[in-house]
Amino acid sequence: IVVIGQVCNAEKRIDLVLYQMESIACLFNSTTFILFESNSDDKTLLHIQRWQARKPLNCSQIAFKPEHKRKYHTLSTLDDLIAVFQSSHNNDTSTSTSTSASASVAHLVGAEKDAFVDEMIVEFLRANYANTKQIDVFALSSFLSNRLTMIGGLRTTDIEEILFVKLQPIKYVKYRRLIEKQMALQNNADESAPPPPQRVFKYVLSGDAVMAKDLLVEAEIVRQLKVYGGLNE
């Protein structure tokens with residue numbers, strides 16, 4: 001997989017984002033990151049350069065979040081996963097959670113909003129998949145984002161927060177086996193054997209560095225124009 005991104009003035013959050021990005025590499029045989037930074041007036045570039053210089057994460061040392069492991073580790077089938085989104089609302093019949101495009105979620109709060117979104121997730125899972133292996137997390141995320149945007153009443157940040165929380169059990173079930181398999185391979189590796197070839201490649205491009213020569217040329221042209229302009233006057 002190849003991950004390409006742009007970043008600017010992200011000093012406060014960049015370390016966490018980079019860690020999360022790099023942890024994705026545990027799901028693939030080879031991962032390449034290409035990051036382009038430009039015009040940052042904080043220490044974003046320094047953080048990225050330090051990340052680039054560090055060794056890749058050891059997948060065997062990445063543990064599941066204890067809370068998620070406790071809640072989701074017993075899930076294995078699609079029905080198990082669907083039950084997660086139904087169990088907390090089985091006894092709540094006081095609020096209709098119709099997902100029609102004409103509805104609005106602006107007035108819903110707490111359990112009502114949860115039930116509304118959970119119903120959409122169950123609808124999508126049942127309509128599109130027969131087992132957990134078939135689940136396309138990106139497709140589900142796009143469906144929820146587009147539906148919530150179309151319905152209205154929520155800011156983009158609100159939608160992102162909803163997706164982050166609601167997709168946690170689905171991601172856990174979807175990727176657990178892949179991560180465990182990768183961790184087992186590393187744990188069972190022969191310590192006397194040479195280390196495996198580099199699986200993670202990091203490339204960082206700075207817009208300022210890339211354009212440095214061109215900027216010098218432009219500065220010289222401007223300087224000469226000023227000189228000639230002064231002579232003409």
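In what follows, the accompanying structure is described.

Procedures and definitions
- Residue numbers here run from 1 along each chain, matching the order of that chain's written sequence.
- Per-residue local features are limited, in this predicted model, to residues with pLDDT of at least 70; the limit for side-chain atom pairs, both in listing and counting, is 80 or more; totals at the level of whole chains, interfaces and linings are taken over all residues.
- The side-chain quantities take in all heavy atoms of the structure and omit both hydrogens and water.
- What makes a patch is a set of residues exposed beyond 30% relative accessible area and free of salt bridges, joined within 9 Å when like-charged and within 5 Å when nonpolar (Val, Leu, Ile, Met, Phe, Trp, Tyr).
- For every accessible area listed, the method is Shrake-Rupley and the probe measures 1.4 Å; residues are considered covered only by the protein chains on display.
- Any Lys or Arg side-chain nitrogen found within 4 Å of a carboxyl oxygen on Asp or Glu counts as a salt bridge.
- Secondary structure elements follow DSSP: runs of H or I of four or more residues count as helices, runs of E of two or more count as strands, with numbering from the N terminus.
- When a residue's accessible area, from a 1.4 Å probe over protein chains only, is under 20% of the maximum for its type it is buried; when over 50% it is exposed; and in between it is partly exposed.
- As a rule, the C-alpha atoms of each element are fitted with a line to give its axis, helices using only the stretch in contact, and angles between N-to-C directions run from 0 to 180 degrees.
- Should the near helix be turned anticlockwise from the far one by less than a right angle, the crossing is termed left-handed; should it be turned clockwise, right-handed.
- Two residues form a contact once any of their heavy atoms are found within 4.5 Å.
- When residue character is reported, Ala, Val, Leu, Ile, Met, Phe, Trp, Tyr, Cys and Pro are called nonpolar, Asp, Glu, Lys and Arg charged, and the others, Gly included, polar.
- The arc refers to the directions leading from the helix axis to the C-beta atoms.
- The pairing test for Phe, Tyr and Trp rings, Trp by its six-membered ring, is centres within 6.5 Å, and the orientation test on the planes gives stacked under 30 degrees, edge-to-face over 60, and tilted for anything in between.
- Whether two strands pair comes down to DSSP finding at least two bridges between them.
- Look down the strands so they point away from you; if the path from the first strand over the helix to the second goes clockwise, the crossover is right-handed.

### Thoughts on a nonpolar patch on the surface
Stage number 1. Together, Ile1, Ile24 and Phe28 line one region of the surface with nonpolar side chains, adding up to about 230 Å² of accessible area.
Stage number 2. Structurally, Ile1 is set in the segment before β1 (2-7).
Stage number 3. A relative accessible area of 43% places Ile1 in the partly exposed class.

### Topic: the packing of helix α6 (residues 137-151) against helix α7 (residues 156-166)
Stage number 1. Packing of α6 against α7 brings their axes to within 10 Å, and their N-to-C directions diverge by 145°. Two packed elements cross with a definite hand, and for α6 against α7 that hand is right-handed. Seen from α6, the contacting residues are Ser141, Leu144, Ser145, Leu148 and Thr149; seen from α7, they are Ile159, Ile162 and Leu163.
Stage number 2. When grouped by side-chain class, the residues that make up the contact of α6 with α7 number 5 nonpolar, 3 polar and no charged.

### Observations regarding α7
Stage number 1. Of all the residues in α7, the buried ones are Ile159, Ile162, Leu163 and Lys166. One side of α7 holds all its buried residues, which, seen down the axis, span an arc of 95°. Facing away from the buried side of α7 by more than 90 degrees, the exposed set consists of Glu161 and Phe164.

### Comments concerning the packing of aromatic side chains
Stage number 1. Applying the stated rule across the entire model yields 4 aromatic pairs.
Stage number 2. Their ring planes at 75° and their centres at 5.7 Å tell us that Phe33 and Trp51 sit as a pair that is edge-to-face. Of this pair, Phe33 sits in strand β2 (residues 31-37) while Trp51 sits in helix α2 (residues 44-53), and the two are 18 residues apart along the sequence.
Stage number 3. A ring pair is formed by Phe124 and Tyr129, whose centres lie 5.9 Å apart and whose planes are at 65°; its orientation type is edge-to-face.
Stage number 4. According to the relative accessible area criterion, Tyr129 is buried, its value standing at 12%.
Stage number 5. Among the aromatic residues, ring-to-ring pairing joins Phe124, Tyr129 and Phe143 into one connected group.

### Details of the pairing of β2
Stage number 1. Of all 7 residues that make up β2, 5 are buried, and the element is covered over most of its length.
Stage number 2. Pairing of β1 with β2 involves 6 bridges; the strand directions are parallel. Considered in β2, the bridge of Gln6 is made with Phe36.
Stage number 3. With helix α1 (residues 14-23) bridging β1 and its parallel neighbour β2, the resulting β-α-β unit is right-handed.
Stage number 4. Strand direction decides the pairing type here: β2 and strand β3 (residues 200-206), joined by 7 bridges, are parallel. Its bridge partner being in β3, Ile34 is matched across the sheet by Tyr203.

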